[in-house]
Structure formats: C-alpha cells, structure tokens
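# Breakdown of the fold
One-letter residues, chain by chain:
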Amino acid sequence: MEYIPNIIFTVLLIAGVGFFASNIKKMIRNIKLGREVDRSDRKGERFAQMARIALGQSKMVRRPVAGFLHIVVYVGFVIINIEVLEIIIDGITGQHRIFAPFLGGVYDFLIATFEILAFLVLASVIIFWIRRNVMNIKRFIMGELKGWPKNDANYILYFEVVLMSLFLTMNAADFTIQQGVLSGQFTSEAALHYINAGSFPISGFIAPLFDGLSFETLHIIERACWWLHIVGILIFLNYLYWSKHLHIMLAFPNVYFAKLTPKGQLTNMEAVTKEVKMMMDPDADPFAAPDASEADEVPAALGANDIFDLDQVQLLNAYTCTECGRCTSECPANITGKKLSPRKIMMETRDRLEDVGAVINKEGEWKDDGKTLLNDYITPEELWACTTCNACVEACPIGIDPLSIIMEMRRYLVLENSAAPAELNGTMGNIENNGAPWPYNQMDRLNWSKE
Amino acid sequence: MSNNLVVPTAAEFIAQGKQPEVLFWVGCSGSFDDRAKKITKAFVKLLNKAGVEFAVLGAEESCSGDPAKRAGNEFLFQMQAMMNIEVLNGYGIKKIVTACPHCFNTLKNEYPELGGNYEVVHHTSFLKDLIADGKLTIEGGKFKGKKITYHDPCYLGRANDIYEAPRELIEKLDAALIEMKRSRRNGLCCGAGGAQMFKEPEEGDKDINVERTEEAVDTGADIVAAGCPFCNTMITDGVKAVEKEGQVEVMDVAELIASAADL
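Computed from a prediction, not measured in an experiment: that's the story for all the values here.

## Remarks on the environment of Asn268 of chain A
The topology assignment puts Asn268 of chain A in the loop between helix 10 (247–256) and helix 11 (270–280). Dropping the residues within four chain positions of it, Asn268 of chain A is found in contact with Thr273 of chain A together with Lys69, Glu74, Gln78, Glu113 and Leu114 of chain B. In this structure the side chain of Asn268 of chain A is engaged in a polar contact, spanning 3.1 Å, whose partner is the side chain of Gln78 of chain B.

See the structure below:
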C-alpha cells in the first residue's frame with residue numbers, strides 16, 4: 001500500500017512522456033515528408049548562430065518590452081526545470097526534497113531563486129495576457145489569429161499561471177508545516193517527513209493564509225498542489241504538440257539549420273541548370289535517350305505545389321513558428337493592406353502538413369485528399385503581393401524563412417502552370433526577346449553615353 | 001552636357017590588348033530608364049574624374065535575370081545568367097561595379113553557382129574606396145545645411161548587409177543625415193522588389209511607395225537619397241503622390257557626390 005503513490009506517479013510519468021514522444025515521432029515523420037536539404041556545412045557558424053539567437057535571444061530583444069518579458073519567462077522556465085527534476089525523483093522514490101541534504105545552503109538559495117523566478121514569470125505572463133487581450137496590438141488581433149490560434153495563445157498563458165500558482169502554494173503549505181514541526185506543534189510521523197529545507201521569499205507571503213490550519217489540512221493542500229503541478233506539467237508537455245508552443249524545443253534546431261548565405265541569395269534550381277546547360281550546349285544531342293539510371297525516376301515538380309515539394313527545413317520552420325507576428329508587422333505588403341501575411345504562410349503550411357499527417361495516421365499511408373497547399377491554403381494573390389524584401393526573415397526571432405516558401409510556390413505557378421500575372425508575362429517576354437524587362441532593343445543599351 | 005563622357009566597351013579594351021580594372025555593369029534601368037540614365041552618367045563622370053580604367057559591355061550586356069528569378073521563372077533567369085557569364089568570362093572579367101542593387105545581388109550571390117565568379121561591388125562601396133584612396137575628393141559646400149534622409153534598398157541592406165557605405169558618403173557632404181524610423185535592417189521596402197516593379201500591386205489600402213515616401217517626407221528632409229534605380233523611381237512617384245514635387249528631391253548617392261564635385 002505504501003508504494004501506491006510511487007507507482008501511480010511512475011505510470012503517469014511514463015504515460016505522459018511516452019505519449020509525447022510518440023507524437024514527436026509523428027512530427028518528425030511529417031517533417032521528413034519534405035525534400036531533403038543539405039545543411040551539414042559550416043557547423044561552427046551554425047552553433048554560434050544557435051547560441052546567439054536561440055539560447056541568447058538576441059533577436060527577441062529587438063523589441064525591448066516583449067523581449068525582456070520573454071527572457072524572464074524563458075529563464076524562469078529553464079531554471080525551474082531543475083526543481084521539476086527533483087519533483088520527478090521525489091515522485092518515483094517517495095522522498096521529499098531529495099536534493100536538500102546534499103546541497104545544504106545552496107538548496108535554500110536554489111529554492112529562493114525558483115520562487116522569485118516563479119513570481120516574475122507569473123507577472124510577465126499576466127502582462128502578456130493584457131498585451132494580447134486588452135491592448136489591441138495589431139499583430140495579436142489580426143484575421144489569421146481568430147479562433148484556435150488566439151485560444152491556443154491564451155491557454156498557454158493560463159497553463160503558466162496555474163503551474164506557477166500551484167508551485168508557490170505548495171511551497172507555502174510546506175513552509176507552514178516546517179514551521180509547525182519546528183515549534184513542536186506538529187509531531188506526527190507524516191509531519192516529520194517534511195524536513196526543514198528551502199527558503200521561501202515569495203510563498204512566505206502566502207503562508208499567513210494557512211495560519212491555524214491543522215497538519216492534516218496542510219498536508220492535503222501540499223500534496224494536492226504537488227500532484228496537480230506535476231500532472232499539469234505532463235499535460236502541458238503533451239499540449240505542445242497541438243500548440244504553437246513547440247518553439248520552446250524547436251527554436252534550437254530551427255536556428256541551427258537556418259540559412260547562412262546572404263538573405264538576398266535565392267536557391268539555385270539544379271534541375272533547371274541541367275536543362276539550360278543542355279539547351280545551350282551546341283554539341284548536345286536533342287534526340288539522345290535519357291540516361292538509363294534516371295529513366296525510372298519520377299521528375300520532381302519544379303517549385304512547390306504542396307508540402308511534399310518543400311524542403312525539410314521549411315517544414316521544420318512551420319512547426320517552429322510561434323505566431324508572434326513580428327514578420328507580418330514588418331511586411332510592406334501587409335502594412336499596406338494586401339492579403340499577404342508571412343505569418344499566415346507559416347500557419348497554413350503547418351495546417352496543411354498536419355492535415356496530411358492526419359490522413360497518414362488514419363490510412364497508414366498518404367492518400368490524395370484532393371487538396372494542395374497552393375490554392376486550397378495559400379492563394380496566388382498572397383504570393384504575388386510579396387516584394388521579396390526579406391523584412392519577414394529579418395524580423396523572425398528564431399530564423400524562420402517565409403520568403404523561401406513564397407518563392408517556391410511562385411516557381412510552381414510560373415514553371416508548372418505558366419500562371420504568372422499577365423504583366424509579368426510581358427516583362428519576361430521582353431527579357432527573353434531583347435534582354436531587358438522593357439521593349440527596348442539590346443543594341444541601344446549604350447545610347448545613354450551619347451545622349 | 002555629357003558629351004565628354006568616356007565610356008569604353010570591353011570589346012574596345014580587348015582590341016587594344018588591354019584589360020579594364022573593373023567592369024561597370026550598367027543594368028537595364030541604367031541603360032534605358034530616363035531617370036536612371038542620369039544616375040549612370042553621374043557615376044561615369046566620377047569614374048572619369050578618378051581616372052578609373054573601366055569598361056562597359058554595351059550591347060553585349062543583357063538583363064541579369066533578377067526580375068525573372070524573383071517572378072519564379074528560373075529557366076529564364078538561368079538562360080540570362082549563363083549568357084551573361086559566357087560574355088563576362090570571355091572578357092576575363094574579375095571585378096564588377098554596378099549602381100543597381102538587384103544586379104549587384106544577382107551577380108554577386110546567384111552567378112557563382114552557374115559558373116560566374118567575380119568580385120562584385122555596389123557603386124556606393126566603390127565610391128567610398130575611391131575617396132579613401134584619395135582618387136576622388138568631394139567638397140560638401142553645396143549641400144551645407146540641407147537635410148538628407150537615406151532610404152535603404154532591400155537588396156543592398158537586408159539582402160547583403162551593406163548599410164554604412166552610402167551613409168558614409170552622404171556624411172562627407174556636410175549635410176545633415178537624418179534617419180527614418182524604419183532604417184537599416186528595419187528599412188521599409190519601396191515596393192519594387194521581387195518583380196513588383198513590373199506589375200500593378202495586388203489589391204490593398206495603399207501603395208507601398210506612398211507609405212515609404214510619407215515616412216521620408218515626415219523627417220523634414222530636403223533630399224531623399226537612394227542607392228537603387230527602382231527605389232528612385234518608386235519614391236519619385238511617391239513624392240508626386242504626396243504632392244511634394246519641387247520641395248523634396250529624390251537623388252542617387254552617386255548624383256549627390258557628382259553634384260558636390262560640380263560635375
């Protein structure tokens with residue numbers, strides 16, 4: 001009987017972590033639906049970039065208010081996880097505050113730090129909620145955030161409030177019991193289990209609310225908070241997969257794999273290079289039979305019509321996006337009322353990817369559902385509003401590249417569907433015929449020098 | 001007025017058995033657009049004054065392919081690129097200067113994978129070096145007391161991280177350089193990039209160039225300086241749209257320098 005809590009805890013822990021892991025496996029499977037892309041180069045620079053941008057939050061603080069608050073929550077999250085480690089070990093072994101005897105005074109310092117961070121996180125999260133729900137900040141109330149994305153953002157904040165409150169209440173009850181034991185008021189064996197450890201600068205202010213309560217009541221409060229806290233963490237962990245909150249993990253690989261070449265450099269399409277070289281080679285045999293090794297290959301689409309045509313880093317980008325909207329708030333097209341929103345490009349890409357994943361979950365393999373990312377999720381009007389100015393790429397705090405997705409879809413529209421806007425067809429016709437976007441004769445290119 | 005421009009072609013250099021120091025890539029705007037041709041001439045005057053042995057390709061130059069690539073037409077882009085690379089490599093060109101950030105970006109970043117490897121510099125960086133080397137001197141008297149704001153072209157700034165060279169040139173003019181709120185890496189696009197120059201904008205509330213011009217005009221600047229022929233066109237149109245013609249001038253950095261040197 002004595003071990004029942006330990007067993008329940010261990011089962012919950014394994015189930016919680018296991019279910020999360022199985023979902024992450026699905027996510028990785030989904031990402032691998034994309035084309036392979038080689039980002040194994042320049043490892044040193046990639047680690048440095050990850051350290052600076054993901055770990056160091058250097059791009060977050062470009063907007064100082066949100067950046068500062070985010071760092072508080074981020075540091076709080078990382079540091080308080082040390083306490084979660086102790087809670088897990090306590091849960092499995094049935095100990096209470098197992099780290100305390102080993103750490104002595106350091107333990108008091110750590111608990112005090114956790115408490116102060118928990119309080120700061122609580123305060124920051126409340127400010128975040130006000131920014132999101134009261135202050136009418138444009139990027140938080142735009143069309144694409146209506147419905148689930150808005151609720152998702154608020155649920156995350158509520159989770160944080162509940163978890164931090166439970167943690168502080170638990171400590172307050174613990175502290176009150178410790179005081180009772182020290183004063184000789186509580187003498188039962190169960191009460192002596194609460195060793196005198198920790199320092200409680202924040203929950204010390206909650207403790208007076210518990211004055212005069214019996215040990216049994218305090219014990220129930222402390223245990224209830226303890227259980228709800230750890231179960232809450234497990235639920236939150238599993239919530240991540242359905243939420244925009246995956247960035248807390250994916251930001252790191254996402255920044256690591258982000259493009260290192262100049263922002264203005266678009267990818268070179270190798271398949272096209274091969275064709276063009278053949279066309280320009282005077283010795284090429286136009287009737288040559290295709291290479292036997294390539295005969296069975298299905299030629300890949302030029303550009304992107306669906307998530308299968310995007311590369312794996314672009315799909316990772318989609319899962320990593322936190323929908324903060326910094327990209328959209330800097331996008332010249334969006335600022336001037338066009339339909340394009342880089343954030344929506346990322347959200348639609350993820351939605352499509354998850355819809356495809358759901359079919360695979362159900363059917364065991366991909367079965368065409370009659371939809372594609374292009375047209376059913378993202379319209380040509382959005383794509384043609386882009387000026388390729390890279391403001392969205394520059395704005396993203398975690399290295400997402402919406403422009404690369406826009407470009408791949410434009411390529412598909414033009415190369416596979418010949419569906420460029422009419423004026424651009426005229427422009428391209430001019431380039432093809434006379435080497436300039438306007439209908440001027442190439443032989444007149446030097447006329448300016450004589451005018 | 002510009003009858004005394006010296007503009008040798010690469011073919012003429014080769015005919016004399018010589019190699020130019022640098023190739024001036026004029027670009028389509030610089031060759032054909034009436035406004036941009038003035039920028040081209042201003043830059044050539046400075047090159048002539050500094051005694052730079054440069055050549056142009058003339059009728060052998062063709063569109064770099066930037067608008068085609070950004071419109072999604074990779075075929076047309078690569079055709080253009082490979083034709084140009086054949087010409088450039090044929091002349092043994094090592095270094096290229098251009099006044100167009102779109103050509104600059106494409107030649108510098110997108111030609112190497114297709115066999116075109118050159119040192120490519122934007123004309124603002126090139127002018128800065130000429131001044132640093134003492135080959136060109138400028139006096140700012142003419143612009144004394146004027147307020148100049150600089151608009152960052154996306155393909156020079158964010159795309160290639162060049163923010164300071166044009167600003168350093170403007171600062172040499174003794175003018176007051178005032179920044180717009182959205183500048184350097186946060187600079188707002190003029191609306192022309194990504195082949196938008198050649199199409200009507202998609203439906204919206206406002207044109208991007210008007211949004212940007214309003215910001216520039218709000219600084220109280222007398223002159224909006226740019227380093228890109230497309231930005232120049234867009235902001236010039238924007239100045240008309242906000243009815244500030246005659247009060248606010250749009251000038252390329254090369255024009256400012258040439259004008260200061262009384263060329």
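Past the structure itself, the notes keep going.
## What to know about the domain arrangement of chain B
All names here are of chain B. When the domains of chain B are assigned, the result is domain 1 (10–130) and domain 2 (138–260). Just the C-alpha atoms count here: the centres of domain 1 and domain 2 sit 22 Å apart. With 26 residues of domain 1 at the interface, the matching set in domain 2 holds 28 residues. In this assembly, domain 1 packs against domain 2 so that about 2200 Å² is buried in total across both faces, 69% of it on carbon and sulfur atoms.

## A look at the nonpolar core
Core analysis: the biggest nonpolar cluster contains 145 residues, and Phe24, Phe54, Leu88, Phe126, Ile148, Leu173 and Leu256 of chain B have the highest contact counts within it. Of all the elements, helix 20 (residues 402–416) of chain A adds the most residues to this core, at nine residues. In this structure Phe54 of chain B touches Val6, Val7, Pro8, Phe13, Pro20, Val22, Phe24, Val44, Leu47 and Asn48 of chain B, once residues within four positions along its chain are discounted. If you look at the next biggest cluster of nonpolar residues, it comprises 37 residues, including Ala118, Ile156, Phe159 and Phe167 of chain A.

## A look at the interface of chain B and chain A
Facing the 71 residues of chain B at the interface are 62 residues of chain A. Both sides together, the interface formed by chain B and chain A hides about 5800 Å², and carbon and sulfur atoms give 63% of it. Linking chain B with chain A are three salt bridges, by the criterion used here. The partner of Arg411 of chain A in a salt bridge is Glu74 of chain B, and the shortest N-O contact between them spans 3.3 Å. At the level of elements, helix 2 (27–32), helix 3 (34–50), helix 4 (66–70), helix 5 (74–90), helix 6 (101–110) and helix 9 (208–218) of chain B are the ones that each hand at least two residues to the side of chain B that touches chain A. With nine residues, helix 5 of chain B is the single largest residue contributor to the side of chain B that touches chain A. Looking at the side of chain B that touches chain A residue by residue, the classes come out as 27 nonpolar, 22 polar and 22 charged.

## Here we look at helix 5 of chain B
Residue and element names in this part refer to chain B. Taking 1.5 Å per residue, 17 residues should reach 24 Å; helix 5 reaches 24 Å between its end C-alpha atoms and fits that length. Along helix 5, the positions that sit buried rather than exposed are Glu74, Leu76, Phe77, Gln78, Gln80, Ala81, Met82, Asn84, Ile85 and Leu88. Gly92 lies just past helix 5 and shows a positive phi near 65 degrees.

## A look at the packing of helix 2 (residues 43–55) of chain A against helix 10 of chain A
Residues and elements named next belong to chain A. For the pair helix 2 and helix 10, the least separation of the axes is 8 Å and the interaxial angle reads 140 degrees. In this view, helix 2 runs oblique relative to helix 10, as classed from their interaxial angle. By crossing handedness, the relation of helix 2 to helix 10 is classed as right-handed. Each of Lys43, Arg46, Phe47, Gln49, Met50, Ile53, Ala54 and Leu55 in helix 2 lies in contact with helix 10, whose residues at this interface are Ala251, Phe252, Val255 and Tyr256.

## Examining the sheet that holds strand 1 (residues 22–25) of chain B
Residues and elements named next belong to chain B. Strand order in the open sheet made by the four strands is 2-1-3-4, with parallel pairing throughout. Each edge of the sheet is formed by a strand with only one pairing partner; in this case those strands are strand 2 (54–55) and strand 4 (119–122). In the sheet, strand 3 (residues 95–98) pairs with strand 4 via four bridges, with the strands oriented parallel. Its bridge partner lying in strand 4, Lys95 is registered against Glu119. The sheet contacts of helix 3 involve strand 1, strand 2 and strand 3, and relative to strand 1 the element is tilted by about 165 degrees. On the sheet, helix 7 (residues 123–132) packs against strand 1, strand 3 and strand 4 and is oriented at approximately 85 degrees with respect to strand 4.

## Structural notes on the packing of aromatic side chains
All names here are of chain A. Overall, the coordinates contain 22 aromatic pairs over all chains when judged by the stated rule. Each member of the aromatic cluster is reached from another via a ring pair, and the members are Trp148, Tyr155, Phe159, Phe236 and Tyr239. Stacked on the ring of Phe140, the Lys or Arg Arg132 has its end atom at 4.3 Å from the ring centre. Over the aromatic face of Trp226 sits the side chain of Arg223, whose NZ or CZ is 4.8 Å from the ring centroid.

## Focus on the sheet that holds strand 8 (residues 249–252) of chain B
Adjacent strands of a sheet form backbone hydrogen bonds with each other and so pair up, either parallel or antiparallel. Residue and element names in this part refer to chain B. Strand order in the open sheet formed by four strands is 6-5-7-8, and the pairing between neighbours is parallel. Looking along the sheet, the strands with just one partner apiece sit at the ends: strand 6 (176–178) and strand 8. On average, each strand axis in the sheet is inclined to that of its neighbour by 35 degrees, with strand direction left out of account. One ladder, built from four bridges, connects strand 7 (residues 223–226) with strand 8; its direction is parallel. From the neighbouring strand, Ala225 faces strand 8, where its bridge partner is Met251. Across the sheet, helix 8 (residues 164–171) lies against strand 5 (147–150), strand 6 and strand 7, angled at about 175 degrees from strand 5, the strand it touches most.

The rules we used
- Residues numbered from 1 in each chain as written.
- Chains lettered and ligands numbered in written order.
- Predicted model: local features only at pLDDT ≥ 70, side-chain atom pairs only at ≥ 80, totals over all residues.
- Heavy atoms only, no water.
- Helix = DSSP H or I, 4+ residues; strand = E, 2+ residues; numbered from the N terminus.
- Contact = heavy atoms within 4.5 Å.
- Polar contact = N/O pair within 3.5 Å; in protein donor to acceptor, adjacent residues only side chain to side chain.
- Domains from an automatic or database assignment.
- Buried area = accessible area lost by both parts, 1.4 Å probe.
- Core = buried A, V, L, I, M, F, W, Y, C linked by side-chain atoms within 4.5 Å.
- Buried < 20%, exposed > 50% of the residue type's maximum accessible area, 1.4 Å probe, protein only.
- Salt bridge = Lys/Arg side-chain N within 4 Å of Asp/Glu carboxyl O.
- Nonpolar A, V, L, I, M, F, W, Y, C, P; charged D, E, K, R; others polar.
- Expected span 1.5 Å × (residues − 1).
- Axes fitted to C-alpha atoms, helices over the stretch in contact; angles between N-to-C directions.
- Parallel < 35°, antiparallel > 145°, perpendicular 65-115°, else oblique.
- Left-handed = near helix turned anticlockwise from the far one by under 90°.
- Pairing = 2+ DSSP bridges.
- Phe/Tyr/Trp six-rings, centres within 6.5 Å; stacked < 30°, edge-to-face > 60°.
- Lys NZ or Arg CZ within 6 Å of the ring centre and 35° of its normal.

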